[in-house]
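Residue strings, one per chain:
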Amino acid sequence: MKPDDIISYLELINEEKAHLQKGMNYRVGRNYSVFLMSVRKNAPYADQINHTTGALIYEGHDHPKTKTISDPKSIDQPMTTSSGSWTENGKFFKAATDYKTGLSTKPELVKVYEKIASGVWCYKGFFELVDVEQESDGRRRVFKFHLLPIAKTILQGNIELPCNRIIPTYVKVEVWKRDKGKCQICNSNKNLHYDHVIPFSKGGSSLTSKNIRLLCAKHNLEKSNKIMIFLPWISVGASALTLHRMN
Ligand SMILES: [Zn+2]
């Protein structure tokens, strides 16, 4: 799976081998955690992503609704449960603090998925949890977890692409609706991916839906193969030139 791949909820739980119901999931994988995020309008949490650096600020989870707590948004996000064990907030708070203070040398690895439409998710890649704050949202104290995208990581044999092409969620949602959840070449609704019409490396923008479209894996691959055929031609030309000069 590559960042910007679009998957169903079923594919998501197959990938993670866990029925993820909550936003924050500490160590569901063998050596990483999973965050589910949603920055659509009316999304319940105020997650933010910086479209230049790719840095993510993820809000902690609320206290669950109970008989005595009817409005969880009115009380502080909990660090521990009523029985005194860590909540997911607490586990990630400890991981971030341990890293910040040098108690652990490696930051917690977090795999991030974001919701695009009902039952439709987009994979955002791996992030590192580097910091945490508790701050007021005007009514109560909330957790803000700071994550940085990993440029490249090898995990379970998968090589991730550099995370340098951050498409904002509002663009993704707009493109998803416009393209009706289908490949714009063959109309397939399987193995979809967000594709830059003009590649990011050639100056194509990620910030407008005009430069982003849905393509299936086959047509996305055909497009990148064309670019790969072109590249050896340039390098052959360059080495021929170098040889000529050396002679
Ligand atoms: Zn296609």
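Use the structure listed above.
This one's a predicted model, so the numbers in the text were calculated from it and none came from an experiment.

A.B. asks: In this structure, what is going on with helix 2 (residues 88-100)? I would like to understand it.
C.D. replies: Three- or four-residue spacings in an α-helix give side chains the same orientation, since the helix completes a turn every 3.6 residues. Its 13 residues give helix 2 an end-to-end C-alpha distance of 18 Å, which sits within 8% of 18 Å, the value for a rise of 1.5 Å per residue. If you check which residues of helix 2 are buried, you get Asn89, Phe92, Phe93, Ala95 and Ala96. All buried residues of helix 2 lie within an arc of 165 degrees about the axis, which places them on one face of the element. In this structure, the buried residues of helix 2 make contact with strand 2 (24-25), strand 6 (108-117), strand 7 (120-136) and strand 8 (141-149). Looking at the residues trailing helix 2, positive phi occurs at Gly102, about 85 degrees.

A.B. asks: Just to check I follow, could you spell out the pairing of strand 8 for this structure?
C.D. replies: Note on strand geometry: in a regular strand, side chains alternate between the two faces of the sheet. Where strand 5 (residues 56-59) meets strand 8, four bridges bridge the pair, whose relative direction is antiparallel. The residue bridging Ile57 from the neighbouring strand is His146, located in strand 8. Of the pairings in the sheet, the one linking strand 7 to strand 8 comprises nine bridges and is antiparallel in character. Residue Phe127 lies in a different strand from strand 8, and its bridge partner there is Pro149. Linkage of strand 7 to strand 8, two consecutive antiparallel strands, is achieved through a turn of four residues, within which Gly138 is found at a positive phi near 105 degrees.

A.B. asks: Quick question: what am I supposed to make of the nonpolar core here?
C.D. replies: Core analysis: the largest hydrophobic core is formed by 45 residues, its most contacted members being Phe35, Phe92, Val110 and Phe145. Of all the elements, strand 7 adds the most residues to this core, at seven residues. Inspection of this core shows a minimum of three residues originating in each of domain 1 (1-165) and domain 2 (167-247). Apart from residues lying up to four places away in sequence, Phe92 is in contact with Met24, Tyr26, Glu108, Leu129, Val132 and Phe145.

About the thresholds
- Along each chain, residues carry numbers from 1 onward, in the same order as the chain's sequence is written.
- It should be noted that, the model being predicted, local features are given only for residues of pLDDT at least 70 and side-chain atom pairs only at 80 or more, the latter also being counted only at that level, while totals for whole chains, interfaces and linings use all residues.
- Per the convention used, a helix needs a DSSP run of H or I reaching at least four residues, while a strand needs a run of E reaching at least two, with both numbered from the N terminus.
- By definition here, a helix of n residues has an expected span of 1.5 Å times n minus one.
- Counting other C-beta atoms within 10 Å of a residue's own tells you its class, since 20 or more makes it buried, 12 or fewer makes it exposed, and anything in between is partly exposed; those C-beta atoms are placed from the backbone.
- By definition, the arc is the one covered by directions from the helix axis to the C-beta atoms.
- By the criterion used throughout, residues are in contact when their C-beta atoms, derived from the backbone, lie within 7 Å.
- Strand pairing requires that DSSP identify at least two bridges connecting the strands.
- As used here, a nonpolar core is made of buried Ala, Val, Leu, Ile, Met, Phe, Trp, Tyr and Cys residues. They are joined through C-beta atoms within 7 Å.
- All domain edges in this entry derive from an automatic or database-based domain assignment.

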